[in-house]
Amino acid sequence: MQSQSVLAVVRPMRRPVLLLTLVIPILAAALLGLPGEARADGRIAFTKMVVEHCDKVLSVCTWKLGCGQGNTAVDLVSGAKMGTATSVGIDKALPVQQFPANVHCTLSIDDGWFSTSWKKVADGTLEVPAGGDYELELTGEGAGTVKVHVAADSLEMAGPAPVPAAAPAGKGKAAAKGGAPRQWYGVFHAAPQGQAVIVGLEWAAFKARFDALAAKGVKAVHLISYREPGKDGKRLWAGIFRSAEEEQTVLSGIEWEPFVAKWKELNGKNKRLIDMVTFDDGKKRLFTGVFQDGSDPYSLWVGMERSAFFAKWNELSAGGMRLVDLTTYRAGKNLVYSG
């Protein structure tokens, strides 16, 4: 490849898009220095209880639902009178110190004639491997079936627990020599879904987590790659994952020409490029892309300078197409765009 290209992907806008972009690797570099050790914490939010059916007379049950971890349980629903095909929103969450996490839930109904008398009808355990959307089905004989909807958020990082960075003792070059904290930038947008964020793994470990989450229905929506500080710093990866039904294909670390050839092949099979990462490995520029099932029309633009790129962006936006991914990098002395 004689010159580095610019890649832009645009599609018709049909629904709001969440963009949570990790642009530049907020944590000290030391935090990401040991990809062999990882930890994950976050929270599990209970969002909704759905009554599939109620076996009581007149098809109305009075429900009680409690969920928690270990020996600790929290009442999520108590005294709700709900019949078949009804639901109630739940706005409660539990902090989680480590993923995967197990959530235990107990379902009871009011079995009293003249006063409240709770009868336990079902127990169940939900395994939550990482952030994403999950549901637990509870069925009790003589009561009915209830589904508990859960949205989990997890943040998984490689390396030891973070230590607050000490203020530099000196100024100027002497202070900078000690290393500045790595910074992260994100764009957040309200959404009910849970998500998993993974930071600071080498590719083999990252791809293993990628595949493990995909097997649970949690798919990548955004990836980044960066190097640890220092001449021999390792290349690390980070990503954001959400529950999705569409199948994904990943092309990793290949040069531009074979990447384009594979893109054309996958495009013919209704696989759409949803995210792309490009980096210089010291000898050549490489590309990694995530492709996902889809049939929406979209447009691909390569090798455009800033003014031409934004002119095309404005043109396509006016026609209902939306840019879904954008990055920049240096091609020689020029700043170019990929998306």
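Residues numbered from 1 in each chain as written. Predicted model: local features only at pLDDT ≥ 70, side-chain atom pairs only at ≥ 80, totals over all residues. Heavy atoms only, no water.

**Q** When you look at the overall build of the protein chain in this model, what are you seeing that I'm missing?
**A** What the protein chain contains, in helices and strands, is four helices and 19 strands. The proportion of buried residues among the 339 residues of the protein chain is 42%. Summed over all atoms, the accessible surface of the protein chain reaches about 18,300 Å², with 53% contributed by carbon and sulfur. (Helix = DSSP H or I, 4+ residues; strand = E, 2+ residues; numbered from the N terminus. Buried < 20%, exposed > 50% of the residue type's maximum accessible area, 1.4 Å probe, protein only. Areas by Shrake-Rupley, 256 points an atom, 1.4 Å probe, with all protein chains shown as cover.)

**Q** When you look at the packing of aromatic side chains in this model, what are you seeing that I'm missing?
**A** Any two aromatic rings considered together are summarised by their centre-to-centre distance and by the angle between their planes. Counted under the stated rule, the structure contains 14 aromatic pairs. With 5.6 Å between their ring centres and 90° between their planes, F310 and Y337 make a pair best called edge-to-face. A residue pair is termed long-range when its members are at least 10 positions apart, and F310 in helix α4 (residues 306–318) and Y337 in strand β19 (residues 334–338) qualify at 27 residues. Exposure remark for F310: the relative accessible area of 25% places this residue in the partly exposed category. A residue is classified by how much of its surface remains accessible, and Y337, at 8% relative accessible area, is buried. Sitting over the face of the ring of F310, R306 holds its NZ or CZ atom 4.9 Å from the ring centroid. (Phe/Tyr/Trp six-rings, centres within 6.5 Å; stacked < 30°, edge-to-face > 60°. Lys NZ or Arg CZ within 6 Å of the ring centre and 35° of its normal.)

**Q** Would you take a moment to explain the sheet that holds strand β3 (residues 60–69) for this structure?
**A** Picture the strands of a sheet paired through backbone hydrogen bonds; they go either parallel or antiparallel. Read across the sheet, four strands follow the order β4-β3-β6-β7 without closing on themselves; strand pairing throughout is antiparallel. Every other strand in the sheet has two partners, leaving β4 (72–83) and β7 (118–128) as the edge strands with one partner each. Strand-to-strand, the axes of this sheet are offset by a mean angle of 20°, without reference to chain direction. Here β3 pairs with strand β6 (residues 101–110) via six bridges, running antiparallel. When the bridges of β6 are listed, L65 appears paired with L107. (Pairing = 2+ DSSP bridges. Axes fitted to C-alpha atoms, helices over the stretch in contact; angles between N-to-C directions.)

**Q** What exactly am I supposed to notice about the pattern of salt bridges here?
**A** Note on pairing: side chains with opposite charge can pair once their charged atoms come close. The tally for this structure, following the rule as stated, stands at eleven salt bridges. Taking the shortest distance from any N to any O, the salt bridge between D211 and K207 comes out at 2.9 Å. Within this pair, D211 and its partner K207 are both found in helix α2 (residues 203–215), separated by four residues, close to a single helical turn. Given the relative accessible area of 25%, K207 is considered partly exposed. The partner of E265 in a salt bridge is K262, with the nearest N and O atoms 3.2 Å apart. With E265 and K262 both in helix α3 (residues 256–268), this residue pair falls three residues apart, about one helical turn. (Salt bridge = Lys/Arg side-chain N within 4 Å of Asp/Glu carboxyl O.)

**Q** Could you clarify how one ought to interpret the state of the cysteines in this entry?
**A** Structurally, a disulfide amounts to a covalent bond that connects the sulfur atoms of two cysteines. By the definition in use, this model includes two disulfides. Across the disulfide, C54 is cross-linked to C61 (sulfur-sulfur distance 1.9 Å). One disulfide, between C54 and C61, carries an S-S torsion of 85° and so falls in the right-handed class. Residue classification places C54 among the buried residues on the basis of a relative accessible area of 5%. Exposure remark for C61: the relative accessible area of 2% places this residue in the buried category. Between the sulfur of C67 and that of C105 lies a disulfide, 2.0 Å long from S to S. Judged by the sign of its S-S torsion, about 115°, the bond between C67 and C105 is right-handed. Pair noted here: C67 is in strand β3 and C105 is in strand β6, with a separation of 38 residues, a long-range link. Neither C67 nor C105 differs from the other in exposure class; each is buried. Sequence-ordered numbering of the bonded cysteines in the protein chain yields a pairing of 1-2, 3-4. (Disulfide = S-S within 2.5 Å.)

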